[in-house]
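Coordinates in review
As a plain string of letters, each chain reads:
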Number of protein chains: 2
Amino acid sequence: MKRNRSKDEYIIIVGCGRLGSHLANLLSKSRKSVVVIDKEEKSFGRLSEDFSGFTIEADAIEIDTLLQAKIDKADVVVTTTNDDNTNIMIAQIAKSIYGVPKVIARLFEPSRQKVYEELEIETLCPTVLSAIEFKNIIVEQEVGEK
Amino acid sequence: MKRNRSKDEYIIIVGCGRLGSHLANLLSKSRKSVVVIDKEEKSFGRLSEDFSGFTIEADAIEIDTLLQAKIDKADVVVTTTNDDNTNIMIAQIAKSIYGVPKVIARLFEPSRQKVYEELEIETLCPTVLSAIEFKNIIVEQEVGEK
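It should be emphasised that the depicted structure is a prediction, and the values quoted were computed from it without experimental measurement.

**A closer look at the interface of chain B and chain A**
Interfaces are often described in size by the accessible area the parts lose on coming together. The partner chain A presents 41 residues to the 41 residues of chain B that form the contact. Where chain B abuts chain A, roughly 3,800 Å² becomes buried across the two surfaces, and 70% of that area is made up of carbon and sulfur atoms. The interface formed by chain B and chain A contains four salt bridges. E109 of chain A is the partner of R18 of chain B in a salt bridge, and the nearest nitrogen-oxygen pair spans 2.9 Å. Elements supplying a minimum of two residues to the side of chain B that touches chain A: α1 (18-29), β4 (76-79), β5 (102-106), β6 (122-124) and α5 (126-145) of chain B. It is α5 of chain B that contributes the most residues to the side of chain B that touches chain A, 15 residues altogether. Here the side of chain B that touches chain A is composed, by residue class, of 21 nonpolar, five polar and 15 charged.

Next up, the structure:
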């Protein structure tokens, strides 16, 4: 399944916790069309006042929720919940069933990264990313002081 | 308080969760001297088999623990626990009382970043970092497809 993509990209974010909401705010600022799905309404309180996207209060594990979010029209699906299994399951549904061109899953447990790579789901692991950044800050200072 | 720093840098990591342990493993691989402090012994199970540093099972909020970790000799202190207040309190002790040259605190709640900047404690927020990285992945693909 191949789709034409335009500047009016349509992005679905699953999970409106710290990461999901921050990403939604960033993308909204960049004038992307964003829909955020979360089971708890209060999570949407993290969205900025000028967030221009839509919110859906429902469980994204349910196909009905994904259909309501128009997953068949999505250019990008990002799963950011606190649960690795939820993230990867929804990522797989988005990719395999609905042929979403770009699917990225947040990954909690770094040791599982390779398994997900085998499923050909792109993952981003905040822990690995942050550890590398911390290390760079420490090592950078060293170089600067030589 | 100014100290000479050598390649044999001495780094204290507070918290041996996913982030703390991953960072400890990275720094140990880079042949840094590392001490990791955590309240729970089982947390040290996350350290790799070839981790060459030391571990201290104790509460880093206690001054005795920090003294046991030789905080007065540390070149770098990184606080990585799951609690913002704990991270910032230990970071302040390291900086103000023991004059540790480089202190970095993990920050959970992005909205608090500015407050901590006023305290002149360097912070790293995995949420902000990850959201930017997710956004870059999404935007990068767009550019590639133009």
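So much for the structure itself; the text now carries on.
**Regarding the side chain of S130 of chain A**
If you trace the backbone, S130 of chain A turns up in helix α5 (residues 126-145). Of the residues examined, S130 of chain A reaches a relative accessible area of 0% and is grouped as buried. Filtering out sequence-adjacent residues up to four positions away, S130 of chain A remains in contact with L19, L124, P126 and L129 of chain B.

**Regarding the sheet that holds strand β6 (residues 122-124) of chain A**
All names here are of chain A. Read across the sheet, six strands follow the order β3-β2-β1-β4-β5-β6 without closing on themselves; strand pairing throughout is parallel. Edge positions in the sheet fall to β3 (54-57) and β6, since each has one partner strand and no second. Mean inter-strand twist for the sheet, computed between neighbouring axes without regard to direction, equals 20 degrees. Direction of pairing for strand β1 (residues 10-14) relative to strand β4 (residues 76-79): parallel, over a ladder of four bridges. When the sheet's bridge partners are listed, I12 is paired in β4 with V77. Sheet contacts for helix α1 (residues 18-29): β1, β2 (33-38), β4 and β5 (102-106); angle to β1, the most-contacted strand, approximately 165 degrees.

**Digging into the sheet that holds strand β2 (residues 33-38) of chain B**
All names here are of chain B. Strands sit in the order β3-β2-β1-β4-β5-β6 across an open sheet of six strands; the sheet is parallel. With one partner strand each, in any of the chains shown, β3 (54-57) and β6 form the two edges of the open sheet. Going across the sheet, the axis of each strand differs from the next one's by a mean of 20 degrees, ignoring polarity. For strand β1 (residues 10-14) and β2, the ladder comprises five bridges, and the chain directions are parallel. Bridging across to β2, V14 finds its partner in I37. Across the face of the sheet, α1 comes into contact with β1, β2, β4 and β5 while running at roughly 165 degrees to β1. Contacting β1, β4, β5 and β6, helix α3 (residues 84-97) runs over the sheet at an angle of about 175 degrees to β5.

**Concerning the state of the cysteines**
Joining two cysteines, a disulfide is a covalent bond between their sulfur atoms. This structure, assessed with the given rule, holds zero disulfides over all chains. C125 of chain A forms no disulfide, and the closest cysteine sulfur to it belongs to C125 of chain B, at a distance of 15 Å.

**Some points on the environment of D84 of chain A**
All names here are of chain A. Residue position: D84 is located in helix α3 (residues 84-97). In this structure D84 comes out as buried when scored by relative accessible area, which is 6%. C-alpha separation for the pair D84 and E109, spaced 25 residues apart in sequence, amounts to 7.6 Å. Other than its neighbours up to four places away in sequence, D84 contacts R106, L107, F108, E109, R112 and Y116. Among the polar contacts made by the side chain of D84, one reaches the main-chain amide nitrogen of E109 at a distance of 3.1 Å.

**Some remarks on the side chain of N87 of chain A**
Looking at the secondary structure, you find N87 of chain A in helix α3. Beyond its immediate chain neighbours, meaning those up to four positions away, N87 of chain A contacts T79, T80, T81, A105 and R106 of chain A.

**A short note on the pattern of salt bridges**
A full pass over the atoms with the stated rule returns 14 salt bridges over all chains. Note that E9 of chain A and K32 of chain A form a salt bridge whose closest N and O atoms lie 3.7 Å from each other. Taken as a pair, E9 of chain A in the segment before β1 and K32 of chain A in the loop between α1 and β2 lie far apart in primary sequence, 23 residues in all. For K32 of chain A, a relative accessible area of 10% gives the class buried. The partner of R46 of chain A in a salt bridge is E109 of chain B, and the shortest N-O contact between them spans 3.8 Å. Taken together, the residues span two chains, with R46 of chain A in the loop between β2 and β3 and E109 of chain B in the loop between β5 and α4 (113-118). For R46 of chain A, a relative accessible area of 38% gives the class partly exposed. Three or more residues joined by partner-sharing salt bridges are found here, namely R18 and R46 of chain A together with E109 of chain B.

Rules used in this analysis
Residues numbered from 1 in each chain as written. Chains lettered and ligands numbered in written order. Predicted model: local features only at pLDDT ≥ 70, side-chain atom pairs only at ≥ 80, totals over all residues. Heavy atoms only, no water. Contact = heavy atoms within 4.5 Å. Buried area = accessible area lost by both parts, 1.4 Å probe. Salt bridge = Lys/Arg side-chain N within 4 Å of Asp/Glu carboxyl O. Helix = DSSP H or I, 4+ residues; strand = E, 2+ residues; numbered from the N terminus. Nonpolar A, V, L, I, M, F, W, Y, C, P; charged D, E, K, R; others polar. Buried < 20%, exposed > 50% of the residue type's maximum accessible area, 1.4 Å probe, protein only. Pairing = 2+ DSSP bridges. Axes fitted to C-alpha atoms, helices over the stretch in contact; angles between N-to-C directions. Disulfide = S-S within 2.5 Å. Polar contact = N/O pair within 3.5 Å; in protein donor to acceptor, adjacent residues only side chain to side chain.

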